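# Notes for the structure review
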Amino acid sequence: RTIWRWVSSGGSFGSNSFRQHLGLGTSGVVDELEIYWPKSKITQRFSNIASGQHLEITEGLEKYEAKVLPILPLASTGKD
């Protein structure tokens with residue numbers, strides 16, 4: 001299956017996050033991830049990416065970085 005997305009900040013007020021979440025269903029791997037950077041006109045391709053991880057991709061760098069996102073616990077107000 002192929003998934004296409006156009007990602008932008010959405011403007012100056014109420015900007016959108018650049019973070020994307022792709023649901024892969026039961027698939028354990030992304031065969032190919034292609035990113036086109038319109039300002040530099042660079043196209044980057046990454047292949048055989050394991051599912052279930054958070055990636056940081058930087059324009060122009062040959063490799064992505066797998067990130068561990070912190071777990072933010074919700075505090076109880078004691079009024080439950």
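Please refer to the structure higher up on the page.
Report on the accompanying structure. Everything numeric in this text was worked out from a predicted model, so none of it was measured.

Per the secondary structure count, the protein includes zero helices and four strands. Reading the protein from its N terminus to its C terminus gives the helix and strand order β-β-β-β. Counting across all 80 residues of the protein, residues that qualify as buried make up 5%. Put simply, of all contacts in the protein between residues at least 6 apart along the chain, 6% involve residues at least 24 apart.

This brings us to the side chain of Q44. Locating Q44 in the fold gives a position in strand β2 (residues 42-50). Separated by 3.2 Å, the side chain of Q44 and the backbone nitrogen of G60 make a polar contact. A polar contact of 2.6 Å, which involves the side chain of Q44, links it to the backbone oxygen of L61. Excluding anything up to four places from it in sequence, Q44 contacts L33, E34, I35, W37, T58, E59, G60 and L61.

To continue, consider the pattern of salt bridges. Here the idea is simple: oppositely charged side chains can pair when their charged atoms come close. Inspection of the entire model under this criterion finds three salt bridges. When the shortest N-O distance is used, the salt bridge between K67 and E65 registers 3.5 Å. Taken together, the salt bridges that share partners define one network made up of E56, E65 and K67.

Note on placement: T58 falls in the loop between β3 (54-56) and β4 (65-67). By relative accessible area, T58 is classed as partly exposed at 34%. Taking C-alpha positions, T58 is 9.8 Å from Q44, a pair spaced 14 residues apart along the chain. In contact with T58, not counting residues within four places along its chain, are W37 and Q44.

Parameters at a glance
Residues numbered from 1 in each chain as written. Predicted model: local features only at pLDDT ≥ 70, side-chain atom pairs only at ≥ 80, totals over all residues. Heavy atoms only, no water. Helix = DSSP H or I, 4+ residues; strand = E, 2+ residues; numbered from the N terminus. Buried < 20%, exposed > 50% of the residue type's maximum accessible area, 1.4 Å probe, protein only. Contact = heavy atoms within 4.5 Å. Polar contact = N/O pair within 3.5 Å; in protein donor to acceptor, adjacent residues only side chain to side chain. Salt bridge = Lys/Arg side-chain N within 4 Å of Asp/Glu carboxyl O.

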